[in-house]
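Topology and contacts: notes
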Amino acid sequence: MVVFPILHKEVPAPSLTLFVVKAPEIAAKAEPGQFVILRVEEKGERIPLTIADFDRQAGTITVIFQEVGYTTTCLARLAVGDELLDFVGPLGLPSEIENYGKVVCVGGGVGIAPVYPIARALKEAGNHVISIIGARTKELLILESEMARASDRLLVATDDGSYGHHGFVTDLVRQVMEEEKDLAVLWAIGPMIMMKNVAETTRPSGLKTMVSMNPIMVDGTGMCGACRVSVGGETKFACVDGPEFDGHLVDWNLAVRRAAMYRDEEQRVIAYHQGGGCGCH
Amino acid sequence: MPLNTAKWPMPAQEPAVRRRNFDEVALGYTEEMALQEASRCIQCKKPGCIKGCPVEVPIPEFIGLLSEKNYQGAIEKIKEKNNLPAICGRVCPQESQCEKYCLVGKKGDSVAIGRLERFAADYQLQQGIEPPPVAASTGFRVAVVGSGPAGLTAAADLARMGHQVTVFEALHVPGGVLMYGIPEFRLPKHIVQAEINSIRRMGVEIKADSVVGKMTTVDELLKNGYDAVFIGTGAGLPSFMHIPGENFNGVYSANEFLTRSNLMKAYLFPEYVTPIKVGRRVAVIGAGNVAMDAARTALRLGAEESYIVYRRSAEEMPARKEEVEHAEEEGVEFRLLTSPVEYYGDDKGWVTGMRLQRFELGEPDASGRRRPVPVEGSEYDLEIDTVVVAIGQTPNPLVPRTTSGLEVGRHGTIVASEETGETTRPGVFAGGDIVTGAATVILAMGAGKKAARAIDAYLKEKKQ
């Protein structure tokens, strides 16, 4: 049986965890924008995580995730040497990387993780990369130096003003759009509300805005349709048609409602497993 | 000796009880029942039953062995042709295959071949008898993509011929539709696991979590040491009707609904972490076996009312008669000649109702069935809080799209010979739903069997 040991663990910010996982077959094929599906325990669910980095030589995949529910909390308790029960990928379509000229990469919170390999690939493809990253507060800001290396210009915002611009990444998007001419494409990855707001900010100018949807999934290979997203009035499956879509065409209200589908069940799972702990240890 | 014209009835859980549990509905024959039923077989000189079996099980012979209480002999006889008998005995549509051609059936009920097959297979699973022997190694390596009925059958047959077989499965457990699609109450998962384990013990390696088309491709498998590839990736993509409101929360594809319940065991939530939402009133759209499975699953998950909504009439329902009867007994309500045109929802995005339209049957269409024609002004509303869309599946494009030299049909199916599974690419064979579009477990197994034979011939020719 193939096993997926955790080789390295970091806590880059409170409630965020970084794992470097040995998965040579996935690392050999991974591209920016793709994701993996993993399972922690036999009775556990399958959850998608966007790939934050990959190293073909070392045969590793890096994921960074936030503890938002039962499974991610369970996952964060794993230590170096522990093995993931399942680790499947690379899934989804890669980001469309080419030399566009001048591009913008916007990452919010844990969304900076998946934006990083995209920014890096865009830079390697010869683009002039302007990156904007933001978090609620300074200590939650991740990958600043990596993003600085992958970008020609880096702007930072925190909601509370503890670091960089006092405000949201959308303020900086507006600023960059004023300062820079002939922007070709913008990527925005982060919380749904952030991606929606960035898309609304760029909509009047028509600047092409790619967002990475992170809906509820089960199989991640197009089989179940749990991850339905409405894009330009058409139903798409984020797992095989995405996860990246044109942010100006995404039905955000629908996406927000679908993301909340199992909110009550999440609470029930947490309550049920309390005391017993998760089955992963 | 006067022939008993009636089949020995299958013992089953009472409908009122079973509609609220996930235990197997059909309990299986006892030894006594099996012997009684086996004695009804008249051992035809020219048996029609075998011709009705896509995998050519020597039916009279195994029934003869059963009658002699040689149960091990019976199962060995079945396993000469069928590597998944405990599964086939449960889910094959025998009434339209072997039993349809049974001579005894001309003057009463046919012999209950499927139930006898199940008896013999379950006997072996209980006894834990060794798997069939495999031929000496040929040195050839074959990759099988997908571990559903087609892939498992091809893998087992190829292993028996002495080839080294690796099966690639995208999900975390092998079995395909047997694990994610067919519910526990119709096909217990421990049975599927046991049959798969016996295939493993024949030397077949199964790699789970391996998405061919993403992690690797058929082209790469051929480049990296596999001498032939069998594609059995099934019809995994759910169809939707594309009517307003289909993306409301609470509207599931049958695939998602059944995968959550069967594969992820959401019926044991919250012990198992994957959730499923079932409201008071559930409407399942469609009337195939998958639709029946979904409607019956909904009852077991606590629905007060479970509807089958189907735009044609009872006669055109694609589901097996037995499945329809079981659903009816359990209280599933049928709204026939009716189809949804729109779903309604509340301000939180949850489905709350559907607008239905009545249909009547017109002239026969391309499928030979009478075409349903909408009745003007017949719309009415039905309050529901869960919808399961079970109107069919299409082939998953991941493998066809990433394999060079493969001809693909209009509906995304792989073009392959019905007799051999040969595709337009030498060394690449395909069978099951990926070739035919959504069909049955046993037809996929038949295709896997034929392909295994053709692959064996291809490899032998390659050697020369």
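Structure: above.
All right, on to the overall build of chain B then. For chain B, the helix and strand inventory stands at 16 helices and 16 strands. In summary, chain B has a C-alpha radius of gyration of 23 Å against a globular reference of 23 Å for 464 residues, a match within 12%. On the principal axes, the C-alpha backbone points of chain B span a range of 70 × 60 × 50 Å. Put simply, 70% of the contacts in chain B that link residues at least 6 apart link residues at least 24 apart.

Here we come to the packing of helix α12 (residues 289-300) of chain B against helix α13 (residues 321-329) of chain B. Residues and elements named next belong to chain B. Viewed as axis vectors pointing N to C, α12 and α13 meet at an angle of 20°, and their least axial separation amounts to 10 Å. Of the possible angle classes, the one that applies to α12 and α13 is roughly parallel. Judged by the twist between their axes, the crossing of α12 over α13 is left-handed. Across the interface between the two elements, N289, M292, D293 and R296 of α12 pack against E323, V324, H326 and A327 of α13. Taken together, the residues of the contact of α12 with α13 sort by class into three nonpolar, two polar and three charged.

We now examine empty space enclosed by the protein. Empty space among the atoms can be located by rolling a probe the size of a water molecule over them. All names here are of chain B. All chains considered together, the criterion is met by five cavities of 30 Å³ or more. The calculated volume of the largest cavity comes to roughly 120 Å³. The wall of the largest cavity is formed by 15 residues, among which C53, C92, Q94, C98 and E117 lie closest to the centre. Tallying contributions element by element places helix α6 (residues 113-127) first for the lining of the largest cavity, with three residues. Tallied by class, residues from the lining of the largest cavity come to 10 nonpolar, four polar and one charged.

Each partner contributes residues to the interface: chain B has 44 residues there, and chain A has 48 residues. Buried area between chain B and chain A, both sides added, is near 3,900 Å², and the carbon and sulfur share of it is 57%. Counting the surface chain B buries against chain A, the share from its top three residues, K214(B), N247(B) and V273(B), is 18%. Inspection of the chain B/chain A interface yields four salt bridges. Among the elements of the structure, β5 (237-238), β6 (251-253) and α11 (254-263) of chain B are those that each provide at least two residues to the side of chain B that touches chain A. Its residues assigned to classes, the side of chain B that touches chain A shows 20 nonpolar, 13 polar and 11 charged.

Before going further, it helps to spend a moment on the nonpolar core. Of all hydrophobic cores here, the largest spans 78 residues; its most connected members are I59(B), F62(B), I63(B), L66(B) and L116(B). Of the residues forming this core, the biggest block, nine residues, is contributed by helix α16 (residues 441-463) of chain B. Beyond its immediate chain neighbours, meaning those up to four positions away, F62(B) contacts V57(B), A74(B), K77(B), I78(B), I113(B), L116(B) and E117(B). With 55 residues, the next largest nonpolar core counts I132(A), F245(A), I243(B) and I285(B) among its residues.

To continue, consider the packing of aromatic side chains. In the structure shown here, the tally under the stated rule is 11 aromatic pairs over all chains. Between F237(A) and F240(B) the ring centres are 6.3 Å apart and the planes differ by 90°, which places this aromatic pair in the edge-to-face class. Here F237(A), found in strand β16 (residues 234-237), pairs with F240(B), found in the loop between β5 and β6, and the two come from separate chains. What makes F237(A) buried here is its relative accessible area of 10%. Grouping aromatic residues by their ring pairs yields a cluster made of F22(B), F185(B) and Y267(B). Between R120(A) and the ring centre of F54(A), over which it is positioned, the NZ or CZ distance is 5.8 Å.

Looking now at the sheet that holds strand β2 (residues 164-168) of chain B. All names here are of chain B. Ordered in space as β3-β2-β1-β4-β16, the five strands form an open sheet in which the pairing is parallel. Both outer strands of the open sheet, β3 (205-207) and β16 (428-430), are each paired with one neighbouring strand and no more. Pairwise comparison of adjacent strand axes, ignoring direction, gives a mean angle of 20° for this sheet. With three bridges joining them, strand β4 (residues 228-231) and β16 adopt parallel strand pairing. For F230, the partnering residue across the bridge sits in β16 and is F429.

What follows concerns the packing of helix α5 (residues 169-179) of chain A against helix α6 (residues 192-202) of chain A. All names here are of chain A. For the pair α5 and α6, the least separation of the axes is 9 Å and the interaxial angle reads 25°. Between α5 and α6, the angle falls in the class roughly parallel. In this structure, the crossing between α5 and α6 has a hand that is right-handed. Across from V169, T170, V173, R174 and M177 in α5, the residues of α6 making contact are M194, N197, V198, T201 and T202. Among the residues making up the contact of α5 with α6, the classes are represented as five nonpolar, four polar and one charged.

Conventions adopted
Residues numbered from 1 in each chain as written. Chains lettered and ligands numbered in written order. Predicted model: local features only at pLDDT ≥ 70, side-chain atom pairs only at ≥ 80, totals over all residues. Heavy atoms only, no water. Helix = DSSP H or I, 4+ residues; strand = E, 2+ residues; numbered from the N terminus. Rg over C-alpha atoms; globule rule 2.2 N^0.38 Å. Contact = heavy atoms within 4.5 Å. Axes fitted to C-alpha atoms, helices over the stretch in contact; angles between N-to-C directions. Parallel < 35°, antiparallel > 145°, perpendicular 65-115°, else oblique. Left-handed = near helix turned anticlockwise from the far one by under 90°. Nonpolar A, V, L, I, M, F, W, Y, C, P; charged D, E, K, R; others polar. 1 Å grid on protein atoms, 1.4 Å probe; cavity = no way out; pocket = protein on both sides within 12 Å on 5 of 7 lines; lining within 4 Å. Points joined across faces, edges and corners; volume = space filled by probe spheres on them. Buried area = accessible area lost by both parts, 1.4 Å probe. Salt bridge = Lys/Arg side-chain N within 4 Å of Asp/Glu carboxyl O. Core = buried A, V, L, I, M, F, W, Y, C linked by side-chain atoms within 4.5 Å. Buried < 20%, exposed > 50% of the residue type's maximum accessible area, 1.4 Å probe, protein only. Phe/Tyr/Trp six-rings, centres within 6.5 Å; stacked < 30°, edge-to-face > 60°. Lys NZ or Arg CZ within 6 Å of the ring centre and 35° of its normal. Pairing = 2+ DSSP bridges.

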